[in-house]
Amino acid sequence: ILLFTFVFWIVFIAPFEMEKNVKNSDMKSSVNGGVVDVYGEDSATIEHSITPWSLSVSSGYSLLRDPRYNKGLAFSEKERDTHYLRGLLPPAVVDQNLQEKRLINNIRQYQYPLQKYMALTELQERNERLFYKLLIDHVEELLPIVYTPTVGEACQKYGSIFRRPQGLFISLKERGKILDVLKNWPERNIQVIVVTDGERILGLGDLGCQGMGIPVGKLALYTALGGVRPSACLPVTIDVGTNNEKLLNDEFYIGLKQKRATGQEYRDLLHEFMSAVKQNYGENVLIQFEDFANHHAFELLAKYRDSHLVFNDDIQGTAAVVLAGLVSAQKLTNSPLAEHTFLFLGAGEAGTGIAELIALYISKQMNASVEESRKKIWLVDSKGLIVNSRKESLQAFKKPWAHEHEPVNDLLGAIKAIKPNVLIGSAGIGRSFTKEVIEAMSSINERPLIMALSNPTTQSECTAEEAYTWSKGRAIFASGSPFDPVEYEGSVFVSTQANNAYIFPGFGLGLVISGAVRVHDDMLLAAADALAGQVSKENYEKGMIYPSFSSIRKISAHIAANVATKAYELGLAGRLPRPKEIVKCAESSMYSPTYRIYR
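The notes below deal with the structure included here. Everything quoted here is computed from the prediction, not taken from an experiment. (Residues numbered from 1 in each chain as written. Predicted model: local features only at pLDDT ≥ 70, side-chain atom pairs only at ≥ 80, totals over all residues. Heavy atoms only, no water.)

Further remarks concern the layout of surface pockets. Quantified by volume, the largest pocket comes out at close to 860 Å³. For the largest pocket, the lining is made up of 46 residues, of which R200, S426, A427, G428 and S454 are closest to its centre. Elements that contribute at least two residues to the lining of the largest pocket include exactly α15 (313–333), α16 (349–366) and β9 (377–381). Among the residues forming the lining of the largest pocket, the class breakdown is 13 nonpolar, 23 polar and 10 charged. In this model, the second largest pocket occupies a volume close to 660 Å³. Lining the second largest pocket are 22 residues, and of these P67, E128, P165, Q166 and W185 sit closest to its centre. Of all the secondary structure elements, the ones that give two or more residues to the lining of the second largest pocket are α5 (113–126), α6 (128–137), α11 (213–226) and β5 (233–239). Sorting elements by how many residues they give to the lining of the second largest pocket places α11 first, with 4 residues. (1 Å grid on protein atoms, 1.4 Å probe; cavity = no way out; pocket = protein on both sides within 12 Å on 5 of 7 lines; lining within 4 Å. Points joined across faces, edges and corners; volume = space filled by probe spheres on them. Helix = DSSP H or I, 4+ residues; strand = E, 2+ residues; numbered from the N terminus. Nonpolar A, V, L, I, M, F, W, Y, C, P; charged D, E, K, R; others polar.)

Applying the stated rule across the entire model yields 29 salt bridges. R200 is paired through a salt bridge with D291; the nearest N and O atoms lie 3.5 Å apart. Placement of R200 in the loop between β4 (192–196) and α11 and of D291 in the loop between β6 (286–289) and α14 (294–304) is noted, with a sequence separation of 91 residues between them. What makes R200 partly exposed here is its relative accessible area of 24%. A salt bridge links R305 to D521, with the nearest nitrogen and oxygen atoms 3.3 Å apart. Taken as a pair, R305 in the loop between α14 and β7 (310–312) and D521 in helix α22 (residues 521–532) lie far apart in primary sequence, 216 residues in all. Residue D521 is classed as partly exposed on the basis of its relative accessible area, which comes to 29%. One network of salt bridges, with partners in common, ties together R200, D291, D314 and E349. (Salt bridge = Lys/Arg side-chain N within 4 Å of Asp/Glu carboxyl O. Buried < 20%, exposed > 50% of the residue type's maximum accessible area, 1.4 Å probe, protein only.)

Here we take up the sheet that holds β7. Note on sheets: strands pair through backbone hydrogen bonds, and any given pair is parallel or antiparallel. Pairing is parallel in the open sheet, where 5 strands are placed in the order β3-β5-β4-β6-β7. The sheet terminates laterally at β3 (168–171) and β7, the two strands that pair on one side only. Strand-to-strand, the axes of this sheet are offset by a mean angle of 25°, without reference to chain direction. In terms of strand pairing, β4 meets β5 through 5 bridges, oriented parallel. Residue pairing across strands places V195 opposite V236, the latter belonging to β5. (Pairing = 2+ DSSP bridges. Axes fitted to C-alpha atoms, helices over the stretch in contact; angles between N-to-C directions.)

This brings us to unusual backbone geometry. Each neighbour pair has its own omega, and for T148 with P149 the value is 10°, a cis peptide bond. With respect to the secondary-structure elements, P149 resides in the loop between α7 (139–146) and α8 (150–156). Between L576 and P577 the backbone carries a cis peptide bond, its omega angle lying at 0°. Structurally, P577 can be placed in the loop between α24 (552–569) and α25 (582–589). In this model, N367 sits at a positive phi of 55°, which is unusual for a non-glycine residue. In this structure, N367 sits in the loop between α16 and α17 (370–373).

This is the structure we're talking about:
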């Protein structure tokens, strides 16, 4: 009764009382020819506060401004009558397919990728289902726009192109209040959170608060490629400052203008966030760490993997997608992974994460210890080959890769000394796979396997054209950034992108449908096996070691099924009973962007 009385007073009585008071006090304020300012917004000075009144009903004008329910010109005649849309839309009624056709034609008119990125962002904010339908149906064309490499440029210019927030920004100002901040988010049933602190965005370094483009882009792919509902996804940026002087001096920078918090202050903020997430959303919410600096990435994963459902895409996702490429490449090299020697350029979170998963895979393949399997894997960092004589000065996560060997200062020298079958780049040093490097690999191997994983494109260790040309068409090549097909001496070579988007959407879906409470390394192996199993004979004939992205929803369903199956086998699944046909369960669980009919 009290609530009804309050609402009745606000809606019906208060406006007349305010109007009467205005008239009585001779403070008549009008806007554009006599419209009385009954709520006082225009008569208030800048020092006075006003109440931001809003009456939300899912019909009429508000319905057209709600991206989850807006259908634009696709509202039927009946829906226009039922939901008070007459006059608010042009008279034409068009279907979703025609809307999609018009939009993709418009996007193709833009000259620069960033313009396309902004157009897609605007569409996502206006019409959610149309955005995802467009992305799903044109995934190979639009993936480089909504994610790498274009998202890197978007993050660099995020302050200038910022229009409206798309996630939660949690800064040092919110210390002690993070649980309340999470409750400000309108959705309650969150299943996947992607969080970054912006310190190591792609290969671009510290972008601070502007790293928000990464969680937003990743979660768009969770929905489009993995079928996780948009309303169940939450992008988060933890803003602890930035050490990027250019941003600190940029008047358009949207984050805290201070140097990065470190040490206990940093750890306390992250711990409060992790605790608040678990308290607010429960045990089964997946927290994906994204683009944290190496020292924080390893520390956070080690600290929370036994108490939370956590996943680091840079360490674990990259490792799984690279392992899948190596497993599928066995059909082209005609030799098992256990017989290969691996050399990495880069010993950060990506490089060591990939190396560790390869070692785990080989150990299971050969029924040997992980420690023994590591001896087939060598890493080169900024100081040269990682060897035993350097062990005392190495960071903890590099020490397992220090083997007995004389020091070697550069990559080319390491290739000549180690004679690897596989060369993997993850250091973010553009064009570091020189002609001499590729030729050296080709002199050792009939089919050298070369993976230039760094992105964006400017940071790639080499291009597809360079790899195929310098190896005289013998290289098996994959990259972190997309490259066009290459023609060499009458043959066309199609390189594939070792994109984490192959793995993390399906991996996350598998965790969601099984109700998993923890991530286990065997789940990563299961995901890699599922991806490798989707490479077709036609893919191999083109020199591809990954399947076509056009079938990514099917691929994600198979990955999800493998991951969920492993969760049940390990006793980590909380959703019971176990589905009889897990692939069908995964497919039926996927979000569909097709318009719904409104009552």
